[in-house]
Amino acid sequence: MKLAIEIGRIEPDSIELTAQWVQHAERLGVAMAFSAEAWWSDSVAPLAYLADKTTKIKLGTGIMQISARAPAMTAMTALTLNDLTRGRFVLGLGASGPQVVEGLHGVRYRAPLTRLRETIEICRMIFAGEKVAFDGKAFQLPLPDSEGKALRIDHEPASVPIYLATIGPNALKLTGAIANGWLGTSFSPDHPEAHLAYIRDGAESSGRTLSDLDLCVSARVEIGEDIATMIEKRKPAVAFNMGGMGSATTNFYNDAFKRAGFEDDATAIQSLWLAGKREEAAKRVPDAMVTGFQVLGTDAMVSERLARYKAAGITTLKLGLDGTGPLGPARFELLERIVDITKGLQ
């Protein structure tokens, strides 16, 4: 099982430290580093900077939001980053959700999976050096009844792996059918089929198997003796995912926990959150909704937990190490310990 890290928020006074963080991971043999695109920065610019600071580690977007860019621009940006990294770029894409897409980007959240599929098809046309002539449901290129013409991007064909951040059943099936990798979240190795069953179905529908994908899932990891404190510290974030990462009717994270057997808990937490009772929502989170989806405890407990991810078929574990506080020596040391533990897994 390979390891990946999160690059984290880019700020003027932490740019050099961020580069040192990724270089440290590279020296330790970490396979990939992913930049996020949330409410503070895009996912592309940090990778352009880090491309010049690294030589081996793969750099990926985790993720580019498809509604924030035209497909052709997504493809051209990917080709540029692939050049800057000398072939080390991973294009992570996702459809996001209606609150961000409609609230921040001003795009209707209609048929997101159709939009995602067609974005990938157009990107791969461009990667292959083909003229961009596409007649889809979300995109028509060139535009009909326009002065547009089918164009070919002036770039040699290139191979750029595409990973999809998906969480709903149909989106997971799409991932299995067409993606090179999966960027998973809200995943528990205790309930792997809540996600993997759908990816497997999608893969088989295209004559593939799970082994054709890099199954890369996120997990918060923290090592220590005070396990009860670790668990309590994580509960507000779980409550936020259950209630705040989506609307009352569309919350993919909440649905994922329900599929893993926490339907009553997820529903109750969401109701409290949406009623403005955020502290009560956090208190309502059972320990199992933390421990079953994260990696917390002593070295021995963390080793056992990582082994469960590996046994579940996860091929890359994306480490969330924010439990150490701001980026600094403690996080560097924690990564070293996790790398050592992972090397000892059977």
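Predicted model only: the values in this text are computed from it and were never measured.

Draft legend 1. Quick peek at the overall build of the protein chain. Looking only at helices and strands, the protein chain has 14 helices and 12 strands in total. Taken against the 2.2 N^0.38 rule, which gives 20 Å for 346 residues, the C-alpha radius of gyration of the protein chain at 20 Å falls within 12% of a compact globule. The C-alpha extent of the protein chain, read off along each of the three principal axes, is 65 × 45 × 45 Å. Counting over 346 residues, the protein chain shows a buried share of 49%. Summarising the internal contacts of the protein chain: among those between residues at least 6 apart in sequence, 69% fall at separations of at least 24. When the accessible surface of the protein chain is totalled, it reaches about 15900 Å², and 51% of it is carbon and sulfur. Within the protein chain, the 41 negative side-chain charges are centred at a point lying 2 Å from the centre of the 38 positive side-chain charges.

Draft legend 2. Inspection of the nonpolar core at higher detail. Judged by nonpolar contacts, the single largest core of 72 residues is most densely connected at Val 22, Leu 91, Leu 93, Phe 127, Leu 335 and Ile 338. Broken down by element, the residue count for this core peaks at seven residues, all from helix α5 (residues 112-127). Setting aside residues no more than four positions away along its own chain, Phe 127 makes contact with Ala 75, Ala 78, Leu 79, Leu 91, Pro 157, Ala 158, Val 160 and Ile 162. One finds Met 242, Val 285, Met 289 and Phe 293 within the second-largest nonpolar core, a separate group that totals 19 residues.

Draft legend 3. Seen up close, the packing of aromatic side chains. Scanning the entire structure with this criterion turns up six aromatic pairs. Linked through ring pairs, Trp 182, Phe 187 and Tyr 309 together constitute an aromatic cluster.

Draft legend 4. Spatial organisation of the pattern of salt bridges. Going through the model one piece at a time under the given rule, you end up with 17 salt bridges. Salt bridges sharing partners connect three or more residues here, namely Glu 6, Arg 220, Glu 222, Lys 233, Arg 234, Lys 318 and Asp 322.

Draft legend 5. Focus on empty space enclosed by the protein. With the rule as written, the count across this model stands at one cavity of 30 Å³ or more. Here the largest cavity defines a volume of roughly 30 Å³. Ile 66, Ser 67, Ala 95, Val 101, Arg 108, Tyr 109, Arg 110, Pro 112 and Arg 115 together form the lining of the largest cavity. Residues belonging to the lining of the largest cavity are distributed by class as follows: five nonpolar, one polar and three charged.

Draft legend 6. Spatial organisation of the environment of Val 107. Within the secondary structure, Val 107 is located in the loop between α4 (98-103) and α5. Here the alpha-carbon distance between Val 107 and Ala 45, two residues 62 residues apart in the chain, equals 23 Å.

Draft legend 7. Spatial organisation of the layout of surface pockets. Roughly 200 Å³ of volume is contained in the second largest pocket. Lining the second largest pocket are Ala 70, Pro 71, Ala 72, Val 132, Leu 141, Pro 142, Leu 143, Gly 148, Lys 149, Ala 150, Leu 151 and Ile 153. Residues belonging to the lining of the second largest pocket are distributed by class as follows: 10 nonpolar, one polar and one charged.

Draft legend 8. View of a nonpolar patch on the surface. A contiguous nonpolar patch, built from Trp 39, Trp 40, Leu 104 and Phe 240 and spanning about 460 Å² of accessible area, is present on the exposed surface. Along the chain, the position of Trp 40 falls in the loop between β2 (32-35) and α2 (45-51). Given the relative accessible area of 37%, Trp 40 is considered partly exposed.

Draft legend 9. Spotlight on unusual backbone geometry. The step from Gly 62 to Ile 63 runs through a cis peptide bond, and the omega angle for that step is 20°. Within the secondary structure layout, Ile 63 lies in the loop between β3 (58-61) and β4 (64-65). For the peptide bond that leads from Leu 141 to Pro 142, omega is -5°, which places it in the cis range. Turning to its location among the elements, Pro 142 is positioned in the loop between β7 (140-141) and β8 (162-164). One non-glycine residue, Ala 111, adopts positive backbone phi at about 45°.

Draft legend 10. The pairing of strand β9 (residues 181-184), seen in detail. Side-chain alternation along β9 places Gly 181 and Leu 183 on one buried face and Trp 182 and Gly 184 on a second face that is also buried. Where β8 and β9 come together, two bridges link them in parallel fashion. Each bridged residue has a counterpart across the sheet, and for Tyr 163 the counterpart in β9 is Gly 181. Read from β8 through helix α6 (residues 169-178) to β9, the crossover connection turns out right-handed. With four bridges connecting them, β9 and strand β10 (residues 214-223) associate as parallel partners. Directly across from Trp 182, in β10, lies its bridge partner Leu 215.

Draft legend 11. Structural context of α5. Helix length check: α5 (16 residues) gives 22 Å between terminal C-alpha atoms against 22 Å at 1.5 Å per residue, within 8%. Among the residues making up α5, those that are buried are Arg 115, Leu 116, Glu 118, Thr 119, Ile 120, Ile 122, Cys 123, Met 125, Ile 126 and Phe 127. Where the residues of α5 are buried, they touch α3 (71-84), β5 (89-94), β6 (134-135), β7, β8 and α6. Among the residues trailing α5, Gly 129 stands out with phi positive, at a value near 85°.

Definitions and limits used
Residues numbered from 1 in each chain as written. Predicted model: local features only at pLDDT ≥ 70, side-chain atom pairs only at ≥ 80, totals over all residues. Heavy atoms only, no water. Helix = DSSP H or I, 4+ residues; strand = E, 2+ residues; numbered from the N terminus. Rg over C-alpha atoms; globule rule 2.2 N^0.38 Å. Buried < 20%, exposed > 50% of the residue type's maximum accessible area, 1.4 Å probe, protein only. Contact = heavy atoms within 4.5 Å. Areas by Shrake-Rupley, 256 points an atom, 1.4 Å probe, with all protein chains shown as cover. Lys, Arg positive; Asp, Glu negative; His and termini not counted. Charge placed at Lys NZ, Arg CZ, Asp CG, Glu CD. Core = buried A, V, L, I, M, F, W, Y, C linked by side-chain atoms within 4.5 Å. Phe/Tyr/Trp six-rings, centres within 6.5 Å; stacked < 30°, edge-to-face > 60°. Salt bridge = Lys/Arg side-chain N within 4 Å of Asp/Glu carboxyl O. 1 Å grid on protein atoms, 1.4 Å probe; cavity = no way out; pocket = protein on both sides within 12 Å on 5 of 7 lines; lining within 4 Å. Points joined across faces, edges and corners; volume = space filled by probe spheres on them. Nonpolar A, V, L, I, M, F, W, Y, C, P; charged D, E, K, R; others polar. Patch = residues over 30% accessible without salt bridge, like charges linked within 9 Å, V, L, I, M, F, W, Y side chains within 5 Å. Pairing = 2+ DSSP bridges. Right-handed = clockwise from strand over helix to strand, strands pointing away. Expected span 1.5 Å × (residues − 1).

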